[in-house]
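# Coordinate inspection notes
So you can see what is in the structure, the chains are spelled out below.
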Amino acid sequence: MLGLKRLSVVDAAAFHMPESLWARIVFDFLIAYRQRTINRGHLLGALIPLYLAWAAGHINFISSGKDPELHIEAVAAAFEADKPYIVSRWRWPDRFNS
């Protein structure tokens, strides 16, 4: 939440969501979706503005003249680096525990 709060005051032209923050957001939403902590429709509705924020940052990256593939590779690397986070929080289905 702190990362998102910091992004809320950034100038639109300079907006860029850090790749590690985006990976953590997606992983947290995946875990919440799987555990059904809130209604899945509401959960996906809450993800849409966050995705649009990431997309805006991606568009800013592209419009700066940089190669979009560099950004996509950085995002993929962030997901790979944060993989232990989701693995440690993913629960086995209860039917396998008995």
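Residues numbered from 1 in each chain as written. Predicted model: local features only at pLDDT ≥ 70, side-chain atom pairs only at ≥ 80, totals over all residues. Heavy atoms only, no water.

Further remarks concern the overall build of the protein. The number of helices and strands found in the protein is five helices and zero strands. Taken from N to C terminus, the helices and strands of the protein fall in the order α-α-α-α-α. Dimensions of the protein, computed from the C-alpha atoms along their principal axes, are close to 55 × 25 × 20 Å. Per-residue burial over the protein gives 27% buried out of 98 residues. Put simply, of all contacts in the protein between residues at least 6 apart along the chain, 61% involve residues at least 24 apart. In the protein, which carries 11 positive and 9 negative side-chain charges, the distance between the mean positions of the two groups comes to 13 Å. (Helix = DSSP H or I, 4+ residues; strand = E, 2+ residues; numbered from the N terminus. Buried < 20%, exposed > 50% of the residue type's maximum accessible area, 1.4 Å probe, protein only. Contact = heavy atoms within 4.5 Å. Lys, Arg positive; Asp, Glu negative; His and termini not counted. Charge placed at Lys NZ, Arg CZ, Asp CG, Glu CD.)

The subject of this paragraph is a nonpolar patch on the surface. On the surface, a nonpolar cluster with roughly 310 Å² of combined accessible area is contributed by I48, Y51 and L52. Relative to the helices and strands, Y51 is located in helix α3 (residues 40-63). On the basis of relative accessibility, which here comes to 41%, the residue Y51 falls in the partly exposed class. (Patch = residues over 30% accessible without salt bridge, like charges linked within 9 Å, V, L, I, M, F, W, Y side chains within 5 Å. Areas by Shrake-Rupley, 256 points an atom, 1.4 Å probe, with all protein chains shown as cover. Salt bridge = Lys/Arg side-chain N within 4 Å of Asp/Glu carboxyl O.)

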